[in-house]
Structure formats: structure tokens, C-alpha cells
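Observations on the model geometry
Next come the chains, spelled out residue by residue.
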Amino acid sequence: MFLKVVLQEIWRTSVGWDDPIEEKQFGMWMQWLKVLPEVATVEIPRCYRTATSIDSTNEVQMHIFVDASEKGFAAVVYLRFKQGDIIETALVGSKTRVAPIKFQASVIGVRLANSIAQSLSVKINRRFFWTDSSDVISWLKSDHRRYSPFVAFRVSEMLEASDVSEWQWIQTNNNVADDGTKWKRVPDMRKTSRWFHGPEFLKTSEVEWPVKIHVDNATSEELRPHLLLHIKFPEPIIDPQNFSKWTSLLRRCAYVFRFIGNVKTSSSEERTVGALTAGELVKAENYLYRLAQGSSYADELAILSNTRASKDSTLTIPKNSSIYYLCPFLDQHGVLRVRGRTSACPGVNPDAVNPIILPRNNHITRLIISHYHNKYHHQNHNTVVNELRQRYSISRLKPAYNEIRRCCQQCKNDRAQPLPPAMGDLPLPRLAAYARQFTYMGVDYFGPIMITVGRRQEKRWVLLATCLTTRAIHLQIIHNMTTDSCILGLRNVMARRGVPAVIFSDRGTNFVGASRELENAMQNLDQELLAEEFTTSHTSWSFIPPASPHMGGSWERLVRSVKANLANLKPNRTLSYEVLENMLAEVENIINSRPLTSIPLDDDQSPVLTPNHFLLGSSNGLRPWLRLTTARRRSSTVGSYLKP
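Here is what the cut-offs are and how they apply
- Residues numbered from 1 in each chain as written.
- Predicted model: local features only at pLDDT ≥ 70, side-chain atom pairs only at ≥ 80, totals over all residues.
- Heavy atoms only, no water.
- Helix = DSSP H or I, 4+ residues; strand = E, 2+ residues; numbered from the N terminus.
- Buried < 20%, exposed > 50% of the residue type's maximum accessible area, 1.4 Å probe, protein only.
- Contact = heavy atoms within 4.5 Å.
- Areas by Shrake-Rupley, 256 points an atom, 1.4 Å probe, with all protein chains shown as cover.
- Phe/Tyr/Trp six-rings, centres within 6.5 Å; stacked < 30°, edge-to-face > 60°.
- Patch = residues over 30% accessible without salt bridge, like charges linked within 9 Å, V, L, I, M, F, W, Y side chains within 5 Å.
- Salt bridge = Lys/Arg side-chain N within 4 Å of Asp/Glu carboxyl O.
- Axes fitted to C-alpha atoms, helices over the stretch in contact; angles between N-to-C directions.
- Parallel < 35°, antiparallel > 145°, perpendicular 65-115°, else oblique.
- Nonpolar A, V, L, I, M, F, W, Y, C, P; charged D, E, K, R; others polar.
- Pairing = 2+ DSSP bridges.
- Core = buried A, V, L, I, M, F, W, Y, C linked by side-chain atoms within 4.5 Å.

Time to look at the overall build of the chain. In terms of helices and strands, the chain carries 21 helices and 15 strands. When each of the 644 residues of the chain is scored for burial, the buried share is 40%. Here the contacts in the chain between residues at least 6 apart in sequence split such that 64% fall between residues at least 24 apart. If you sum the accessible surface of the chain, you get close to 38700 Å²; carbon and sulfur atoms cover 53% of it.

Summed over all chains, the structure comprises 15 aromatic pairs. Both rings, one in W130 and one in W209, keep their centres 6.1 Å apart while their planes meet at 70 degrees; by these two values the pair is edge-to-face. Residue W130 is located in strand β4 (residues 126-131), and its partner W209 is located in the loop between α6 (194-197) and α7 (246-264); the two are separated by 79 residues in the primary sequence. What makes W130 buried here is its relative accessible area of 0%. Ring centres of Y372 and Y392 lie 6.4 Å apart, and the angle between their planes is 90 degrees; on these two criteria the pair is classed as edge-to-face. Placement of the pair is Y372 in helix α11 (residues 363-375) and Y392 in strand β9 (residues 392-394), with a sequence separation of 20 residues.

Where nonpolar side chains cluster on the molecular surface, the patch consists of I21, F26, M30, L33, L36 and V39 and spans about 460 Å² of accessible area. Tracing the backbone through its elements, the reader meets I21 in the loop between α1 (2-12) and α2 (23-39).

Okay, the pattern of salt bridges next. With the rule as written, the count across this model stands at 11 salt bridges. When the shortest N-O distance is used, the salt bridge between R460 and E458 registers 2.7 Å. The buried category is assigned to R460, whose relative accessible area is 8%. A salt bridge links E588 to R497; the shortest N-O distance between them is 2.8 Å. Here the residue E588 occupies a position in helix α19 (residues 577-592), and R497 occupies one in helix α15 (residues 483-497), the gap between them amounting to 91 residues. A relative accessible area of 13% places E588 in the buried class. Owing to a relative accessible area of 23%, R497 belongs among the partly exposed residues under this scheme.

This part covers the packing of α7 against helix α8 (residues 278-296). The interhelical angle for the contact between α7 and α8, taken along N-to-C directions, is 110 degrees, at an axis separation of 8 Å. For the element pair α7 / α8, the angle class is roughly perpendicular. Contact residues: W246, L249, L250, C253, A254, F257 and R258 in α7; E280, L281, K283, A284, E285, Y287, L288 and Y289 in α8. For the contact of α7 with α8, the per-class residue count stands at 11 nonpolar, no polar and 4 charged.

Let's shift gears to the sheet that holds strand β2 (residues 73-83). The strands making up a sheet associate through hydrogen bonds between their backbones, and the pairing can be parallel or antiparallel. With respect to topology, 5 strands assemble into an open sheet ordered β3-β2-β1-β4-β5, the strand pairing being mixed. Looking at the sheet topology across the chains shown, the edges are occupied by β3 (86-97) and β5 (167-169). Adjacent strand axes in the sheet meet at a mean angle of 25 degrees when their direction is disregarded. When β4 meets β5, the two strands line up parallel, connected through 3 bridges.

Ranked by size, the top nonpolar core spans 31 residues in total, and within it W246, I368 and Y392 carry the most contacts. Every element with two or more residues in this core is listed here: α7, α8, β8 (356-358), α11, α12 (381-389), β9 and α13 (397-407). Among all residues touching I368, those that are not within four sequence positions of it are W246, Y289, L358, L388 and Y392.

Here you go:
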């Protein structure tokens, strides 16, 4: 620290590089040269504790001493370990700066303490900040907005990183940091120096520490010029935080003013009773406006009040005020308003000419905005903002109004969207990757479809069988909805697609979306006989629960796809059996050619996987390798003919 001060003073003398320095600085330099050899002998043990053990029950305190002088400031940190009657201290770190600002020493002390606390593995039980400046204690205990911006910002930083109760005043002779800022004598570099172990009172019990003194909360140091904030506003007669509606707060406040007026009136005939009058509501409104403005614009209100009382035009609102450019003034009720320029126009509402200034983050302002929001039935948002601007001047009104909308419970209910339930895990039949096609098969019916047989028309039904794993389908014509016909249709499916391990189907009562004729036909089927016919040691029949058609969505969705394709392929005349059989075969191939994935598995150029890949090897039934082999054979045959 001393070397920094010497170099700073030499620099201030503007001495040249080759010029000799002045006698005063030369004496300080020689004093530093005498101390320099002793610096090499300084030894600081790395271990903080030697007499106490590492135990969670032992108390560990951190003591930070700060001091500032005309030459600079310093901060030094010690750890105090206490185990029973054994107390030891250790130096942890220190920092010095060259700056003639005594408040900066406290800031450096807080920063140094937090930095050291983060690097230590030991838990700190308590912290103590010691300073011999009573102004620093006063700045911390009072409203920091009363002081200059430099002090206000540093006080805010100190209050965020420390607590006011951790700061204590200490005499200068007990302040160790004073040794780093004032060199009245040659510094003590011995191991027993108090700089390395802290002041002597740290090694005693807390009852023997310096007595705490009372420090006033107000100090004239670094006061902000022309600041009239030191005005005590009366306590509100009613707390707005206890109300959620503007009308309730306004009427309750009006009743309080009526009660106060009736108490002051001695005659019972002069007391006000009955419903609230317009004058009482206006009086309550003005009071609530003043209450909201006093919480955010106290400085401006004080300046305008003194200006109107003393008629002194020199007192003006500072330019750094948030409402300086609004040209505010106080009306006859003491309410802060914007000075407009259209007051001479007789057709303009006075509130629109001179809107009432309200702070954006005040609870009363939020109640007013919410009142207008409810007044227009939680709709017509631009109208609400326009109506508010006709009477009030609120900074950033649209974001404030949007915040009210987000917090409005009715608006939340109106905007609420039903959340889809979480999908359950897929069953085993949908995940049988290495099973043969139609090992797990779902069965469903649709129809009837009218066909021409000779000169008469007959009904036919369609049995849809789908592989639950590969999502392939098979369409089989059923001649009538009897149990025997259905058994024959299923046997035809098994003959072409193989015997399934499990057959899934729904009962006749589950055909909610089917036609009435199909429902009646399904009721004639003997479901138990079907299950008994196809239940063997290799095959089992499983019915989905009653009244749960959603569990058969795998085949219900395919029925819809088949019907949609049939509607586009079906001619105007009645079909014959052969035409219906051909149409079902084409639709079956079309459905089995549908993509199962939206993104190609290999790359963008490869085809998308379809059910036909599992059944036929390609999506359209053609085999590229066979065509390529045939082409090669033909080219070789032609080449043999061309040989001489």
C-alpha cells in the first residue's frame, strides 16, 4: 500500500523521467527501501488452525476490518475458531487500493469477504464487519436514496451481500485495517504482529469485545443536493393491500371519511347517513390517488408542494425524475396531474386534458386497471386501454394491462385448453418386431354392400383383418352375417395369411359408429361360438372390454380408410360380385402401400416403410432386383446375337 501511495504522489508532481524527485517523496522512498528487506522474511502458515480441530460443533467466525484514509483504503479478513475455551485467529486475505474515498473501503471489504467465503471449505457461522467510520453505519441504516448516486449504488451492493446487523463500529486504535492505510511508523513485519493475527480482543470472549455504540441513522455526508424526500407522510387510514377490487376499496375509504367527519360533528342532525354521495366518493378517490403517488413520487410532490406554498419558482423537479417530461402540477385536491395544452377547448373532458399520474407498479393502479378490465367484461382490450388513457397517465400502460389479464382468473378459465391425457404404453402385439405378419390380428366388420346377383340384389359384408404389428390389412367378403359364414371368412384369412397367435375383436355392443343394420346383424352372431371355434393350443381369442370402442382404434381407423377409398372407386351402378372382389383387392393393396413413417429411415432418398414391404418386399409389389436381373439377361442375349 505504501509503495502505491509513493508512486501516486511522485506521478502527481509531474516529475520528468530523468529528473530527480522532490525531497518529501525521496524520504518516503528511502523509508520503503528500509522495509523491503523485511518483506522477504515474512512467513504466513498455510494452515488456518493449529490448536483447534475440524468439528461441526466448533464455532467459526469471519471478521472483516475496513478502513480508509486520505491516501487510500484497506480491508483485511480474519477467521476466528473457538473450541471450548480455546480461541485462535488466522489471517485469510487483505486488499488495499489507492483512492481517497472512505466509503469504498466497506465495499471492498464486502466483496473480499464473499470471495473468500466461496473459496473456503469450512462453514462460517457468523460474520462481523468492523469500521471506524460512523458515516458508513449511518448510510447502511438510513434510506440510501437520500444520498448521492455513488453512495446509493454502493449501499445497495452492500445490503445485498451483507446484513445491517453484521456491521459494527470500532475505535481506530483497534482497527487492524488502519495499519494498511497509515504509515506513521515503520510497519511491524514480525510474526507476532497484529496484522497477521488480528486484534487482541478477538482472542477473548465476546463479552469482552468493544462495547457497541449507538450511531444515528442520519448523516449529512454525501447528501443528494436539493432533495426533499425527508418528509414524513401520514400513515394511510386504510391499507389498499387488503382489497382485491377498486370499488370495494373506494367505498370502504369513503365510509371511513364519513365516520371521521361524523365523529368530529357534535350535532347529530349534521351527521351524514344513508347511501354514499358523489362528493364522498370523489374525496375518497382523490385520497387514494394521493396515496399511490406518495409511494413513488414523494420527491416531486414535496417540491411541488413547497413551490406552491412559498411561490418560489427556483425549486423545480430534477431532470432525472421519471415524470419530468410530463410537466406535472398539483390540482386543487393535491393530486399530481399532467399539464396538457388543450385546456382552453370547452368540449374536452378535463381529465383527458390533465390526466392523473399513477405509478405503474402500485397496488392501487393495478386495482384501477382491473376495474376497467372487469367493466368491459374481460374483452375489448383496446377499448380498455383507450378509456384508461382518457383519465390516467400510466407509464407502459399496455404491459401493465397485459399483466392484469394474465393474472385474471376468469381470463385464465376462458383461455384454458383441455390437456390431452398421457398415452399409455403400447401393448405387446404392437411391438412384436420379430413375429410373423398377422401373428397378432385384429378383426372387424363393415357393410352391408349391395351387389347384383343375376336379376336380384343381395347384401355382402366385409371382414377386415389387420396385423397389429405391421399394420397390414386383409379384406374378405362375407356372404351373410351368420356365425358359420363368419367362421368360413376367418378360415379363408388364416389360409392366406397364416394362423394367428391371438385374435382381437370387439363385441356387437361396441359398434357405436356402425349402421343400425350392422348392429342388428352382429347381435345374431354367436360370439362365444366364434371364440370357441378358433381357440386352440396355438390360437386364442380376446375380446376388448364392453362399451370401450376406443380400445379397438387400430382397426376402426382402417375401416374408415377402406370406406373412403371404396367411395371413390365405387361406380354409379350396382356392383357385381366380381367387381366388388376386385375393388376390395385394389383397396387392400392401396392401404398396404401407405407409409408407416413420415421420415425415411435411412436417408431422404430411400423409400418410406410400408406394410407391403413386409408382405411383398416393396411398397407396390414390384421387385427391383428381379427387373435388374431380367434386364441383364436380355442384354447378354442380345450381345451374343451380335457377336460375329
